[in-house]
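Secondary and tertiary structure notes
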Amino acid sequence: MPPMTFHSLLVRNPEDALTKTPLEAPGFFVDLNLDQIIDAITAGKQEYGLKPFFYTPLQNVDGITYRHEIFHDLEERTLFENLKSFGHTMRAMRDQLAQTNKLHYQYQKERWFLEAVETYGTAVNSLVRDLSLAELNSRGLLAFRQFLTNYANSEHFSSLQSETERLFADLSSVKYCLRIKDLAIKVGKYESEMDYTASVEDTFSKFKQGAVKDYRVKFSEDPEMNHVEAGVLDLVAKLYPEVFSSLDRYYVRNGNYLNETIARFDREIQFYLAYLEHVAIFRRAGLKFCYPEMCVDHKEVYDYEGFDLALAHKLLGGRSSVVCNDFSLKEPERIFVVTGPNQGGKTTFARTFGQLHYLASIGCPVPGRQAQLFLADRVFTHFEKEEDLNNLRGKLHDDLLRIHDMLSQATGNSILILNEILTSTTLQDALFLSKRIMDQICHLGALCVWVTFIDELASFGEQTVSMVSTVALDDPTVRTFKIMRRPADGLSYAIAIAEKYRVTYDRLKERMGS
Amino acid sequence: MKAFLMFRDRDFDLQGKLPWNEAALTQDLELTILFNAMALGDKFLFEGAKRAVLSGVKNDLDTILYRQRILQDCLKNPSVVRELYTIAVEAIESERKNHWGFFSRYPSSILSGAIDVLQMFVGVLKRLKKIADEQSGNFDSEGFSTFFTMLKRELGDAYFASVEDHLRELKFREGVLVSAELGKGNRGIKYVLRKAHERRESWIARIFAKSLPAYTFAIGERDESGARALSELRDRGIHLAANALAQSADHILSFFHMLRAELGFYVGCLNLHGQLTQQGELTTFPVPAAPGERRHAFRGLYDVCLALKLGRRVVGNDGDAGRKELVIITGANQGGKSTFLRSIGLSQLMMQCGMFASAEEFSANVCDGLFTHYKREEDTAMKSGKFDEELSRMSGIVDNITSNPLLLLNESFAATNEREGSEIAKQIICALLESRAKVFFVTHMYECAHGFAESRRENALFLRAERQSDGGRTFKLSEGKPLKTSYGEDLYGTVFGANR
């Protein structure tokens, strides 16, 4: 018999275990809107604590391939749905256990516990059947199926199941009657007394007509009994002593019924299910996802028909369409310099580049038809921050400190995303400083996206590639949100935007009526 | 009975609308720091301070002077003012402890709650009257004179005596005399309908009459139905009286609420004044000019929020814009430009709500709208780019523009390149000035500042953040035309080391 062990769906080697998973998102999450993406993916799945999985990039290409294989298996719809329903059943089991722990009266606790174990049995049996019917190719799921089959056939599991079924049958055979008079309640066994409510309803049913006001009161649905109900239950237990003493024993004996590996599988599979569910939203809208080729020894990265996953989610929510963009680098290119009209999708392009690389590094499929991406050691971002009174150092000084900090930590294998930095100084200063910084980034050889209004950077050297946000040919106020590879043209269309908001001199004179 | 300590002829509206740009003003001028200093941790004082300060832009000259004189009285008699405030707070707090009676479904509870509250109120009103009798001679302002005179007039001894008579009477020590008629909607119908319940009981009783194995337990003694029926009749009798009495209690309560709200503003001013004095900062009662005039002159004007934040004296600025309507502030980064701009906005708001200003001397015309336009962080909703967002906000300001507005622009229009930003700034500022706006503009856009220096020499004041010869900043502004460079190069040297 093969060994009854299985490690993890998320990492191939036990040594790579996600033991030191961070609870906080990396610093660049907010800038890249990855926080929004991960929030959307994990929404409604808080109980699994999935976020740390998304905060931990993988260290090597094989780790990424391990996850790609599992994703591929799960792209098969039947298996995907079956695993989802496994998750639902396990969730129901946890709810039942929570009741057990919340409740006060012993027989109530024990009954909820029995329900939980029964649900667990159902979950395991369905999973065994579903996985045996599935065509699996991933190392992760194949190993887990082997483990699960052994577990389900074990003596321990089958005796747990038969004991559970027997108790259920016994409890459902219990029937009793109450007699409440003055301040006393009498409890006895059920003796086939007739249903009086039914006979009352039957007697008066001939008068029924039309809708009437509802005089029924709402009873508390709180699962917690009051002390009177509990007192009654204690008396019922006296009437059926054998059944209740075996329930007592069952509760004490089976406290650790839940298999640890299955519990971990239940959590880890959610990483994949959650991501694929999110992907499905975009695929329904005709957008593409692909499994990127990962490179480590060169930087010829590309992605075709990529998009900003956070923005796209928002746009689809508002029934707007999503614009896709391409990028590609050939040796010795390293740096995208993005210029052009504001509001034209420059920041979105920068975010997309960062998002794609990050999502690829945690082994997920990424937006795009086809992609080759670089497995970076670190991602750094620098987006403009709001000025506040706590920072008396001044904005420009702060900007420079942050950039210095970033450049001293970055290596040639890092990715840098700079968005409209150095805006709080003169054009002259910005130009001087930008060139100095660009020098350093070129020297580093790191991949970089730099959104700027300084056209001069776009033609800085052989490492820089000029990308430009574009407008509609027939109307300069209409943005296409296409970012094209072409020389910077120095037009920013500011006046067109001022016209749009009616804040040019002429419009203002009209509006203020003077 | 009205307090009339905020307006000569009307109540201070705690519910009224705040300026549409309340959030922007609060954020840009760091107003929360000011409110906290006034409130000293008291939630109610915070709300009142916020409301008084932010709604100040709608005050006329007369109201400002009316409050200034009241505040001068307060500074002269701080302990009396704080005592008046405490009395109002105590009245409200004691009432709240009694309040459960008013939510009762039973008139008897409502009535006895109202009696308790009114007895307590009578005690409080007597204390107010006593202060009016003893202290009114120490107050000079019109506002306090009117207030004390009103208390003396309304709260005579004979009045208190008649109130106490009623309260004693309503306790019904000799029982309630009730007359009643039978109405249509009687509850007996339901009992009739519950005949079925009685039938079921007898049926169950029949079942259990057989001797079967069974267990019994009993619960504690409890029969309330008889007592309830009796007190219901009593409640019908006292219903209207209870209503009238509870309403009276509410009227008096609302007087205390108003008194607390209006005094609360002055207590907030006292709190703020105390902290600033302790830090060695000076304050002055500003000299407001009519909205149609143009004046902005100050000496030792400092950013009150920065001073509060640092807990020590901060650098003040001097300036006199005379009748000029445009002030352009340029110069070194971290040289005190933003701080100065904030001090302009804060002093205007302080003046307009009737407070002292954070300066040695301050005089300015009253404005009827204060607008801030500060550079903001990239919109995380991703709907618009930065420049777009800036112009959209500017458009929002124009939608709400008033006839004598004051605008504070901090690095506005810098989200595009300098050449275009300058052009847009020129167009907007020119149009604003031509419709009588006063504009303070902090900018590092040389093109723009220089352009105004050339074209509007006569109607603009230029201030510059200074830099000392050793490269250090003084944080003090002085009059001066824009210079053609900022100081990025030496910052680069500091941060990256001179050789890189």
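Procedures and definitions
Residues numbered from 1 in each chain as written. Chains lettered and ligands numbered in written order. Predicted model: local features only at pLDDT ≥ 70, side-chain atom pairs only at ≥ 80, totals over all residues. Helix = DSSP H or I, 4+ residues; strand = E, 2+ residues; numbered from the N terminus. Buried ≥ 20, exposed ≤ 12 C-beta atoms within 10 Å, placed from the backbone. Contact = placed C-beta atoms within 7 Å. pLDDT = per-residue confidence, 0-100. Pairing = 2+ DSSP bridges. Axes fitted to C-alpha atoms, helices over the stretch in contact; angles between N-to-C directions. Parallel < 35°, antiparallel > 145°, perpendicular 65-115°, else oblique. Nonpolar A, V, L, I, M, F, W, Y, C, P; charged D, E, K, R; others polar. Expected span 1.5 Å × (residues − 1). Arc of directions from axis to C-beta.

**Points about the overall build of chain B**
Looking only at helices and strands, chain B features 17 helices and 11 strands. For chain B, with 500 residues in total, the buried portion stands at 41%. Excluding contacts between residues fewer than 6 apart, the proportion of contacts in chain B whose partners are at least 24 apart in sequence is 77%.

**Brief notes about the overall build of chain A**
Helix and strand counts for chain A stand at 17 helices and 14 strands. Here the contacts in chain A between residues at least 6 apart in sequence split such that 73% fall between residues at least 24 apart.

**Quick look at the confidence of the model for chain B**
Residue and element names in this part refer to chain B. Residues with a pLDDT of 70 or more make up 80% of chain B, whose mean pLDDT is 82. Confidence drops under pLDDT 50 across residues 175-201; counting only partners more than four residues distant or on other chains, this segment forms 10 contacts. If you check the scores for this complex, the pTM reads 0.59 and the ipTM reads 0.76.

**So, the sheet that holds strand β9 (residues 370-374) of chain A**
Residues and elements named next belong to chain A. Pairing within the open sheet is mixed, and its 4 strands lie in the order β4-β9-β5-β6. Looking along the sheet, the strands with just one partner apiece sit at the ends: β4 (293-295) and β6 (325-328). Across this sheet, the average inter-strand angle for adjacent strands is 25°, counted without regard to direction. Those strands touched by helix α13 (residues 346-361) are β4, β5 (302-306), β6 and β9, and its axis lies near 80° from that of β9.

**As for the packing of helix α5 (residues 78-98) of chain B against helix α6 (residues 107-135) of chain B**
Residues and elements named next belong to chain B. Closest axis-to-axis distance for the α5/α6 pair is 9 Å, and the angle between their directions is 175°. As summarised for this structure, α5 and α6 are arranged roughly antiparallel, according to the angle between their axes. Of α6, the residues touching α5 (which contributes V80, E83, L84, I87, E90, A91, S94, E95 and N98) are G113, D116, V117, M120, F121, V124, R127, L128, I131 and Q135. Of the residues that constitute the contact of α5 with α6, the class distribution is 10 nonpolar, 4 polar and 5 charged.

**A few points about helix α7 (residues 142-154) of chain B**
All names here are of chain B. The end-to-end C-alpha distance of α7, which contains 13 residues, comes to 18 Å, matching closely the 18 Å that a straight helix rising 1.5 Å per residue would cover. Along α7, the positions that sit buried rather than exposed are G143, F144 and F147. Looking straight down α7, one finds that the buried residues subtend no more than 90° of arc, so they occupy a single side. Turned more than 90 degrees from where α7 packs its buried face, T149, K152 and R153 sit exposed. For α7, the secondary structure elements touched by its buried residues are α4 (61-76).

**A short note on the environment of Q161 of chain A**
Here Q161 of chain A shows up in helix α7 (residues 155-172). Remark: the alpha-carbon pair of Q161 of chain A and T122 of chain A, spanning 39 residues in sequence, is separated by 9.4 Å.

**Some points on the packing of α4 of chain B against α7 of chain B**
A packed helix pair is summarised by two numbers, namely the angle formed by the two axes and the spacing between the axes. Residues and elements named next belong to chain B. Remark: α4 packs on α7, axes separated minimally by 7 Å, with the N-to-C direction vectors making an angle of 75°. In this view, α4 runs roughly perpendicular relative to α7, as classed from their interaxial angle. Every residue of α7 that contacts α4 at Y66, R69, I70 and D73 is listed here: E142, G143 and F144.

**With respect to the sheet that holds strand β13 (residues 464-471) of chain A**
Residue and element names in this part refer to chain A. Taken in spatial order, the 6 strands make up an open sheet running β10-β11-β12-β7-β13-β14, and their pairing is mixed. Of all the strands in the sheet, the pair left with one neighbour each is β10 (379-383) and β14 (479-485). Taken pair by pair, the neighbouring strands of this sheet meet at an average axis angle of 15°, ignoring direction. As paired strands, strand β7 (residues 335-339) and β13 are joined by 5 bridges and run parallel to one another. Considered in β13, the bridge of I335 is made with T464.

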